[in-house]
Amino acid sequence: MIKKFPFKDETLVHVGFLNPVLKDKVSPDCVMKLVDTFPNLLDIDEKSQLQEQFTDYQLTPLDELPKCLSPETDIATFWGEMTKLHDIFSNKARFIVLSKLAKTMLVLPNSNADSERAFSLVKKDSNRIPC
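Conventions used here
- Residues numbered from 1 in each chain as written.
- Predicted model: local features only at pLDDT ≥ 70, side-chain atom pairs only at ≥ 80, totals over all residues.
- Heavy atoms only, no water.
- Helix = DSSP H or I, 4+ residues; strand = E, 2+ residues; numbered from the N terminus.
- Buried < 20%, exposed > 50% of the residue type's maximum accessible area, 1.4 Å probe, protein only.
- Contact = heavy atoms within 4.5 Å.
- Core = buried A, V, L, I, M, F, W, Y, C linked by side-chain atoms within 4.5 Å.

> What exactly am I supposed to notice about the side chain of Lys23 here?
Here Lys23 shows up in the loop between helix 1 (10-14) and helix 2 (28-37). Taking the relative accessible area as the measure of exposure, Lys23 reaches 2% and is therefore buried. Residues within four places of Lys23 in sequence aside, it is in contact with Phe54, Tyr57, Gln58, Thr60, Leu62 and Leu65.

Shown next as structure tokens:
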């Protein structure tokens, strides 16, 4: 089973930034490659903001970010809270574009089992229909 899992898939490799504990180990290029993989996700202005926000995210100490009690189960809550953080000088949302990318990555299906199951049911039903 483990051999079949696409651990080397570029999208899976690049989403490491989602885990705040691993944020320092992820290259800004990885985040930009995710945007290239999903070109309709951000416009040109948001792409430049994303680079700035990712750098800010990497430079921000963990104790200044929302608490993530368990990176395995609490990532969605963490990114929900990241959306609420504001810059103390401008009072603008600090990580709005980065959070948008993170939330999009979190809703990607982690397998195609549901669609495969649906196709299987359709195939079974079509086999029952007499011609």
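> Please clarify how the nonpolar core should be interpreted in this entry.
Soluble globular proteins tend to pack their nonpolar side chains together in the buried interior. Grouped together as the largest cluster of nonpolar side chains are 25 residues, with contacts concentrated most on Phe17, Leu18, Leu50, Tyr57, Trp79, Leu98 and Leu101. Counting residues per element, the ones that place at least two in this core are helix 2, helix 3 (44-59), helix 4 (75-84) and helix 5 (96-106). If sequence neighbours within four positions are ignored, Tyr57 has contacts with Phe17, Leu18, Asn19, Pro20, Lys23, Leu65, Phe78, Trp79, Met82, Phe95 and Leu98.

> Before we go on, may I ask you to explain the environment of Leu22 in this structure?
Within the fold, Leu22 resides in the loop between helix 1 and helix 2. For Leu22, a relative accessible area of 34% gives the class partly exposed. In this structure, the C-alpha to C-alpha distance between Leu22 and Gln58, residues 36 residues apart in sequence, is 9.5 Å.

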